[in-house]
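# Secondary and tertiary structure notes
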Amino acid sequence: MNLKIIGSGGAIPFPKPGCDCDNCKKALEKKIPYERICSSLFIYPDILIDTPEEVFRRLMQFNIRKINHVFYTHWHPDHTQGSRIFEFLARSGFAGKPNNPPVNVYIPPDMMKDFDKYIPNFRYYEQRNFIKIISIEDREPVKLEDLKITPVDFKRPDRVRYGFLIEQDNKKVMYAPCSVFNAKLDKYWQDLDILFLETGWHGPQQEYRKKEIEPWFKDHISFEENIKWLKKLKPKKMVLTHVEGSIHQTHDLMLKLTKNYPKINIAYDGMDIDL
Ligand SMILES: [Zn+2]
Ligand SMILES: [Zn+2]
């Protein structure tokens, strides 16, 4: 199985737009691993999970030219806002040139309700034949050649959020980059070679939760919970992604926080994972 992190940033990328702090300047100057677009994963040969704003630039930079299948974790803009990639891919040119075949976009019905409500351009792309929307069901695998991709609903009562179990040649990987707080952890989260997980917010968990330091903390796990999940689910390896720009989780800070946990790696844009 060959995977590539296309984007590893949280809801706010690095550098944080509008910010002039030293951390953001460093990201601007040094670029990768400090510079991060929002989160996205590529599965070779032609599958993408999520389309953040700048996804097309990273795909070009990383020499990825062909996308035939796209899956989504949820509708939020940091995961969908780069959807014009479909228009770029489908339109092979102007003046009488035919379009490329539509990209297959896999969305479960509950998530499609959110897409129809918040991002109607998906229906426009469907009408224009840039994409073909394929309805998928929770925990029902989609088979693409020798890859098996299973959408795993976190089963949160308050919102629709998915992760994906990716399987090939007896290797199992879970990609759960965002909003995993209160996710139902069943057999789909067990015996993993790699667990890609959102980077939890750092700081004293109980105090921050109680004080509601940030409203989004209740939708996302803390760094302490990252460690708890590592111990509970026992993946062979954990890759923390969705590293948050809004609270300046710099690459250096994350390396420091995880230095005593050899099983944890910090994702960066362009990171290759082969297993
Ligand atoms: Zn900054
Ligand atoms: Zn997110």
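The notes below deal with the structure included here.

Thresholds applied
- All residue numbers refer to position in the chain's written sequence, counted from 1.
- Ligands are numbered from 1 and chains lettered from A, in the order in which they are written.
- A pLDDT threshold of at least 70 governs which residues receive local features in this predicted model, and a stricter bar of 80 or more applies before side-chain atom pairs are shown or counted, although totals over entire chains, interfaces and linings include all residues.
- Think of the side-chain values as coming from all heavy atoms in the structure, minus any hydrogens and water.
- Any N, O or S atom lying within 2.8 Å of the metal counts as a donor, with the limit raised to 3.2 Å for Na, K and Ca; because water is left out of the atom set, some sites can appear incomplete.
- Angle rules define the geometry names used: all angles between 85 and 135 degrees makes four donors tetrahedral, while opposite donors over 155 degrees apart and all other angles between 65 and 115 make four donors square planar and six octahedral, leaving every other case irregular.
- Note on classification: 1.4 Å probe, protein chains only; a residue is buried when its accessible area is under 20% of the maximum for its type, exposed when over 50%, partly exposed between these limits.
- The definition of a nonpolar core used throughout is a set of buried Ala, Val, Leu, Ile, Met, Phe, Trp, Tyr and Cys residues joined through side-chain atoms within 4.5 Å.
- Secondary structure follows DSSP: runs of H or I at least 4 residues long count as helices, runs of E at least 2 residues long count as strands, and numbering of each begins at the N terminus.
- Contacts between residues were defined by any pair of non-hydrogen atoms, one from each residue, lying within 4.5 Å.
- The criterion for an aromatic pair is that two Phe, Tyr or Trp rings (for Trp, the six-membered ring) have centres within 6.5 Å, with stacked assigned to planes under 30 degrees apart, edge-to-face to planes over 60 apart and tilted to the rest.

Ideal geometry at a metal gives 109.5 degrees between four tetrahedral donors and either 90 or 180 degrees between six octahedral ones. Taken together, the protein ligands of the zinc ion (ligand 1) are Cys19 (SG), Cys21 (SG), Cys24 (SG) and His248 (NE2), with distances of 2.1 to 2.3 Å. Its four donor atoms give the zinc ion (ligand 1) angles of 99 to 117 degrees at the centre, a pattern that matches the tetrahedral case. In the primary structure, the donors to the zinc ion (ligand 1) are separated according to the pattern C-x1-C-x2-C-x223-H. The exposure class of Cys24 is buried, given its relative accessible area of 2%.

Our next topic: the nonpolar core. Judged by nonpolar contacts, the single largest core of 29 residues is most densely connected at Ile6, Tyr72, Phe86, Phe115 and Ile131. Those elements giving two or more residues to this core turn out to be α2 (55-61), α4 (85-90), β5 (103-107), α5 (109-118), α6 (121-127) and β6 (131-135). Apart from residues no more than four positions distant in its own chain, Ile131 is found in contact with Phe86, Pro102, Val103, Val105, Phe122, Tyr125 and Glu126. Counting 25 residues, the second largest nonpolar core, distinct from the first, contains Phe154, Met174, Leu192 and Leu233.

Let us now look at the coordination of the zinc ion (ligand 2). Those donors, Asp78 (OD), His79 (NE2), Cys178 (SG) and His242 (NE2), are the protein atoms that reach the zinc ion (ligand 2), and they lie 2.1 to 2.4 Å from it. Angles of 89 to 166 degrees at the metal separate the four donor atoms of the zinc ion (ligand 2), which places the site in the irregular class. In the primary structure, the donors to the zinc ion (ligand 2) are separated according to the pattern D-H-x98-C-x63-H. Across this residue pair, the class does not change: Asp78 and His79 are buried.

Before going further, it helps to spend a moment on unusual backbone geometry. With omega at 10 degrees, the peptide bond leading from Ile32 into Pro33 counts as cis. Each neighbour pair has its own omega, and for Tyr44 with Pro45 the value is 15 degrees, a cis peptide bond. A positive phi is found at Asn170, a non-glycine position, where the angle reads about 65 degrees. Following the sequence through the fold, Asn170 ends up in the loop between β9 (162-168) and β10 (171-176).

One pass over the full model with this rule turns up 17 aromatic pairs. Here the aromatic rings of Tyr72 and Phe122 are separated by 5.5 Å at their centres, their planes lie at 85 degrees, and the arrangement is edge-to-face. Of the two residues, Tyr72 is situated in the loop between β4 (69-71) and α3 (77-80) and Phe122 in helix α6; the sequence distance between them amounts to 50 residues. Ring centres 5.8 Å apart and planes at 85 degrees place the aromatic pair Trp189 and Trp229 in the edge-to-face group. One end of the pair, Trp189, is in the loop between β10 and β11 (194-198); the other, Trp229, is in helix α8 (residues 223-233), and 40 residues separate them in sequence. We classify Trp189 as buried; its relative accessible area is 0%. Pairwise contacts between aromatic rings join Tyr72, Phe86, Phe115, Phe122, Tyr124, Tyr125 and Phe130 into one cluster.

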